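The primary structure of each chain is shown beneath.
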Amino acid sequence: MKKLLTLVLALVLVMGLAANASALTVAFSQIGQESDWRTANTDNVNAAIEAAGWELVYSDGQQKQENQIAALRSFITQGVDYILFTGVVNTGWEEVLTEVNEAEIPLILLDRIPDCADQIDYEAAFGGDFIEEGYRMVKWAGEYMKTIGMDSAKVVIMEGTTGSGAQVGRTEGNLAAMEKYPFLKLAAQQSGNFTRAEGQAVMESWLKSLDKIDVLIAQNDDMALGAVDAIKAAGLVPGKDIIIVGCDSVKAAFDAIVAGDMNCTVECTPLYGPTVEEFILRIEAGEEFSKEIVHPEEFVYDTDGGIAVDDTVSIKAADVIDSRQY
Ligand code: AHR
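For clarity, every value in this text was computed on a predicted model and none was experimentally measured. (Residues numbered from 1 in each chain as written. Predicted model: local features only at pLDDT ≥ 70, side-chain atom pairs only at ≥ 80, totals over all residues. Heavy atoms only, no water.)

Visitor: Talk me through helix α5 (residues 130-147); I want residue IDs and the actual numbers.
Guide: Its 18 residues place the ends of α5 26 Å apart at the C-alpha level, agreeing with the 26 Å of an ideal helix rising 1.5 Å per residue. A positive backbone phi angle near 75° is found at Gly149, which sits one or two residues after α5. (Helix = DSSP H or I, 4+ residues; strand = E, 2+ residues; numbered from the N terminus. Expected span 1.5 Å × (residues − 1).)

In C-alpha cells:
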C-alpha cells in the first residue's frame, strides 16, 4: 500500500511538472536580422519553443540596445516564465538584467554573453567561442599560404558590429593569430557591421585606397559575400587574387566556396533551439547548472580540406554542403 502511495505521489509530481512545463511562456530578446546566421538563429530558437508547445513572446531589437532594454522591461511587466537574451553589444546591460533578476524570471544567455554576466544571475549560458573562431580564421589563412608557397601577404580584417561580443572576441583571436604568422601584414581593419551591404561598401573603399590586398578576413560570411561582389565589380577574381576567409559557415558561403569565390569559412552555429528546449526542461525538473559558458563543437570548411587549424583539420565544403541546415 505504502509503495502504491509513493508511486501515485511520484506520478502526480511528474504530471504536475509536465503540466507546468507545457504552460510556459518563453520570451526571446533577439538583436535583429543582420545576417543569414541571425535569421537561422531566430527561426531555429522560435521553432523549438513553439514545437515544445510553449507560448513565444519574440522581440526583434533592430540592432538597437534601447529597443532590447525596452523589450526586457516589457517581458518583466508581462510576467513571462523564461527570458532568452543575446545583446547587440557587450556593455550596458547591468541595470536591466538586474531588474530581470529582481523579478525572479529565469534568464538564459545565448550567443553573445554580456560583460556583466559575472554580476547577474542566470540559469544557463551557451554561445560560440568567438576568440577561438577569430584565431582559427587567421590560422587557416597562415597555414593555407604555406601550402601554396606564399611567404608574404597584406591582410585586411573586416570586423562585425563594433562592441559586440562576436566582434570583440573574433578581433582578439584574429590579432593573436596574426602574431604567430609574421608574414601576414595587417593593411587595414574596419567594421562592416556584419551585413552584406556594408561588407561590399568597405571592400569597395579598400580596393580604392590600398595598393594591394592578398587576404580578407571577414568576421562573418555575409560581409565576405558582400566583399566578393565588390571584388568582382573591380575586375579582380575573388578566391584567387584575394584569399577570402569568412565565419559562420552559412549555406551561401558553402556555395561560394564550391564556386571558387571564397576559400574558407569558420563555423559558428546558430542552431540553439534544441539546447534552449533541453535546458528549460531540465531547469523545470529542478536541475541547476554552473555559470560556465557552454561552447558547441564547431568546424572549419574550405575548398580542399586538410588544413590543420588549432585542434581541428579543415573539412572539404563540397563533401558536406548537402547537409547544411542554414
Ligand atoms: O553573434 C554571432 C554573430 O552575429 C554571427 O557571426 C553573425 O553573422 C551575426 O550577426
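That covers the picture; the talk isn't over yet.
Visitor: Break down the packing of aromatic side chains for me, with residues and values.
Guide: According to the stated counting rule, one finds eight aromatic pairs in the structure shown. Pairing Trp140 with Tyr144 gives two aromatic rings, centres 4.7 Å apart and planes at 10°, and the pair type is stacked. Placement of both Trp140 and Tyr144 in helix α5 is noted, with a separation of four residues, approximately one turn of the helix. By relative accessible area, which is 1% here, Trp140 ends up buried. With a centroid separation of 4.7 Å and an interplanar angle of 35°, the aromatic rings of Phe279 and Phe289 are classed as tilted. (Phe/Tyr/Trp six-rings, centres within 6.5 Å; stacked < 30°, edge-to-face > 60°. Buried < 20%, exposed > 50% of the residue type's maximum accessible area, 1.4 Å probe, protein only.)

Visitor: Lay out the side chain of Ser249 in plain terms, naming residues and giving numbers.
Guide: Within the secondary structure, Ser249 is located in the loop between β9 (243-248) and α9 (251-259). Taking the relative accessible area as the measure of exposure, Ser249 reaches 0% and is therefore buried. Of note is the side chain of Ser249, whose polar atom sits 3.2 Å from the backbone nitrogen of Glu267. Those residues within four positions of Ser249 in sequence are excluded, and the remaining contacts are Asp221, Phe254, Thr265, Val266, Glu267, Tyr301, Arg324 and Tyr326. (Polar contact = N/O pair within 3.5 Å; in protein donor to acceptor, adjacent residues only side chain to side chain. Contact = heavy atoms within 4.5 Å.)

Visitor: Quick rundown of the site of the ligand? Include the residues and the values.
Guide: Around the ligand, the structure places Glu34, Ser35, Trp37, Arg38, Asp111, Arg112, Phe130, Ala166, Arg170, Phe194, Asn220 and Asp248. The separation between an oxygen atom of the ligand and a polar side-chain atom of Asp248 is 2.5 Å. The protein chains hide 100% of the 280 Å² of surface that the ligand would expose on its own. For the ligand, the cavity whose grid points lie within 2 Å of the majority of its atoms is the largest cavity. Broken down by secondary-structure element, the contributors of at least two residues to the shell around the ligand are α2 (36-51) and α6 (165-180). Taken together, the residues of the shell around the ligand break down into four nonpolar, two polar and six charged. (Near = heavy atom within 4 Å. Areas by Shrake-Rupley, 256 points an atom, 1.4 Å probe, with all protein chains shown as cover. 1 Å grid on protein atoms, 1.4 Å probe; cavity = no way out; pocket = protein on both sides within 12 Å on 5 of 7 lines; lining within 4 Å. Sits in = over half its atoms within 2 Å of the grid points. Nonpolar A, V, L, I, M, F, W, Y, C, P; charged D, E, K, R; others polar.)

Visitor: Outline the packing of helix α3 (residues 65-78) against helix α4 (residues 94-102), listing residues and values.
Guide: Running from N to C, α3 and α4 cross one another at 10°; their axes reach a closest spacing of 10 Å. It follows from the interaxial angle that α3 and α4 lie roughly parallel. Two secondary-structure elements touch here, α3 through Ile69, Leu72, Arg73 and Ile76 and α4 through Glu95, Val96, Leu97, Glu99 and Val100. When grouped by side-chain class, the residues that make up the contact of α3 with α4 number six nonpolar, no polar and three charged. (Axes fitted to C-alpha atoms, helices over the stretch in contact; angles between N-to-C directions. Parallel < 35°, antiparallel > 145°, perpendicular 65-115°, else oblique.)

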